[in-house]
2 protein chains.
Amino acid sequence: MKKTRFQSTRCPVARSLDHVGEWWNILILRDAFYGLSRFDDFQKSLGIAPNMLTRRLNELVESGLLERRAYSEKPLRHDYLLTECGRDFRPVLLTLMDWGNRHFTPEGTSVFLADKADDSPVELQLIDARSGMPISRERHAVRPGPAADEALHQRLDNGRRRRAERDIHQSSTPVTLP
Amino acid sequence: MKKTRFQSTRCPVARSLDHVGEWWNILILRDAFYGLSRFDDFQKSLGIAPNMLTRRLNELVESGLLERRAYSEKPLRHDYLLTECGRDFRPVLLTLMDWGNRHFTPEGTSVFLADKADDSPVELQLIDARSGMPISRERHAVRPGPAADEALHQRLDNGRRRRAERDIHQSSTPVTLP
């Protein structure tokens, strides 16, 4: 039975994490995006114990991110394919890949997203499709929605207050001249 | 001592996951993006045991995502602030939030990213900043880079082959007329 860690929360970030489940599940989703779909594919790629892999695949099917489709009746064997919900996870994976490439690959790039036209690396950017504007702290901010609960309002209010305190502190700290 | 689960891998996704650490750490980073910075802030927001929070904050400092800055000498108290590396995690959080809002919030939106100009919700989109094109499976694909190891090449090759098999199977499956 899959644990939900953050069940009482209304936070969409926490709920996303709950639906993905364990870290290994992100690597399974990564492999599914690369095109892998069979138990042996995942097992060879990830090198984890078969019973753990079975449990992880079942979790992802239960969470609605993967679906099983039989490709063989005798013996019964399945492809594990991304659902529409699972495919919608792609931006999360791409931003994780980009962040990893930017900060944690001292020996160079091992995998990257490319424009098929010329195989050159994409410069990943998040924009607001309505305005065309790149997402920035100057232009965009997190706001509470109609379903926000008390905990969320407090989190955002406290955050705003704490940030304002730091800004005031920074601007009032005397500059010492040499 | 922080465990690195995926140490032998060159995959930037796996390395990103290793640097973030546990799931709780993503929620700490989320709170840091909301502006929270003090131990009590995080403790109140997340409701986790103080010793666990201490361990998580230390992990994030060790990983280079947060830094400590003292705001009080006696007693010694710190703000935990995002480093440049930590700030670069923002797109991952925003895509997680967006995916969560799209699929896991049946009671409505509790928090969303807004354009400050009119407080209306952003329509989040990933593009290639060089071409301006939205990221799509038709136009973009994952490619191995110069530092790719054998495991990565196999993963991508197997994925491509598996995908081609499924496409052939789909196009050759006879259509049964009623």
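Here's a quick rundown of the structure. This structure is a prediction, so every number in the text was calculated from the model and none was measured.

### Regarding the interface of chain A and chain B
Turning to step 1, where the next piece is worked out: With 102 residues of chain A in contact, the opposing surface of chain B contributes 102 residues.
Turning to step 2, where the next piece is worked out: The contact between chain A and chain B buries some 9,500 Å² in all, and 62% of this surface belongs to carbon and sulfur atoms.
Turning to step 3, where the next piece is worked out: Contact with chain B buries surface across chain A, with W23, W99 and R155 of chain A losing the most and accounting together for 9% of the total.
Turning to step 4, where the next piece is worked out: Between chain A and chain B we count ten salt bridges in total.
Turning to step 5, where the next piece is worked out: Notably, a salt bridge pairs D41 of chain B with R162 of chain A, separated by 2.7 Å at the nearest N-O pair.
Turning to step 6, where the next piece is worked out: The tally of links between chain A and chain B comes to 55 residue pairs in polar contact (both at pLDDT 80 or more).
Turning to step 7, where the next piece is worked out: The element contributing the most residues to the side of chain A that touches chain B is helix α6 (residues 90-103) of chain A, with 13 residues.

### Points about the packing of aromatic side chains
Turning to step 1, where the next piece is worked out: Under the defined criterion, the tally for this structure stands at five aromatic pairs over all chains.
Turning to step 2, where the next piece is worked out: Measuring from centroid to centroid gives 4.1 Å for W23 of chain A and W23 of chain B, while their planes differ by 50°, and the two rings are tilted. A residue pair is termed interchain when its members come from two chains, as with W23 of chain A in helix α2 (residues 23-34) and W23 of chain B in helix α2 (residues 23-34).
Turning to step 3, where the next piece is worked out: Between F89 of chain A and W99 of chain B, the aromatic rings sit 4.7 Å apart at their centres with planes inclined by 65°, giving edge-to-face as the arrangement. Taken together, the positions of F89 of chain A in the loop between α5 (84-87) and α6 and W99 of chain B in helix α6 (residues 90-103) put the pair across two chains. Pair check on accessibility: F89 of chain A and W99 of chain B agree, each one buried.
Turning to step 4, where the next piece is worked out: Three or more aromatic residues link up through ring pairs in this structure, and these residues are F89 of chain A together with W99 and F104 of chain B.
Turning to step 5, where the next piece is worked out: The ring of Y71 of chain A carries the charged tip of R38 of chain A above its face, separated from the ring centre by 3.4 Å.

### A word on the pattern of salt bridges
All names here are of chain A.
Turning to step 1, where the next piece is worked out: Throughout the structure, instances matching the rule amount to 26 salt bridges over all chains.
Turning to step 2, where the next piece is worked out: With a shortest N-O distance of 3.0 Å, D79 and R38 are connected by a salt bridge. Here the residue D79 occupies a position in strand β2 (residues 77-82), and R38 occupies one in the loop between α2 and α3 (39-46), the gap between them amounting to 41 residues. With respect to burial, D79 and R38 carry one shared label: buried.
Turning to step 3, where the next piece is worked out: Note that E67 is salt-bridged to R69, the shortest N-O span being 3.4 Å.

Conventions and cut-offs
Sequence order as written defines residue numbering, which begins from 1 separately in each chain. Throughout, the order in which chains and ligands are written sets their labels, letters from A for the former and numbers from 1 for the latter. Per-residue local features are limited, in this predicted model, to residues with pLDDT of at least 70; the limit for side-chain atom pairs, both in listing and counting, is 80 or more; totals at the level of whole chains, interfaces and linings are taken over all residues. Based on all heavy atoms of the structure, the side-chain values leave hydrogens and waters out of the count. In this analysis, two residues are considered to be in contact whenever any of their non-hydrogen atoms come within 4.5 Å of each other. Buried area adds together the accessible area that both of two parts lose upon being put together, with accessible area traced by a 1.4 Å probe. Definition used for salt bridges: Asp or Glu carboxyl oxygen within 4 Å of a side-chain nitrogen of Lys or Arg. Here a polar contact is taken to be a pair of N or O atoms separated by no more than 3.5 Å, where protein atoms must pair a possible hydrogen donor with a possible acceptor and residues adjacent in sequence count only if both atoms sit in side chains. Helix and strand assignments come from DSSP, with helices taken as H or I runs of at least 4 residues and strands as E runs of at least 2, each series counted from the N terminus. Here is the rule: rings of Phe, Tyr and Trp (six-membered ring for Trp) pair when centre to centre is within 6.5 Å. Planes less than 30 degrees apart are stacked, more than 60 are edge-to-face, and the remainder are tilted. Remark: exposure states derive from per-residue accessible area (1.4 Å probe, protein chains only) relative to the maximum for the residue type, with buried under 20%, exposed over 50%, and partly exposed in between. Placement of a positive charge over a ring is assigned whenever Lys NZ or Arg CZ falls within 6 Å of the ring centre and within 35 degrees of the normal to the ring plane.

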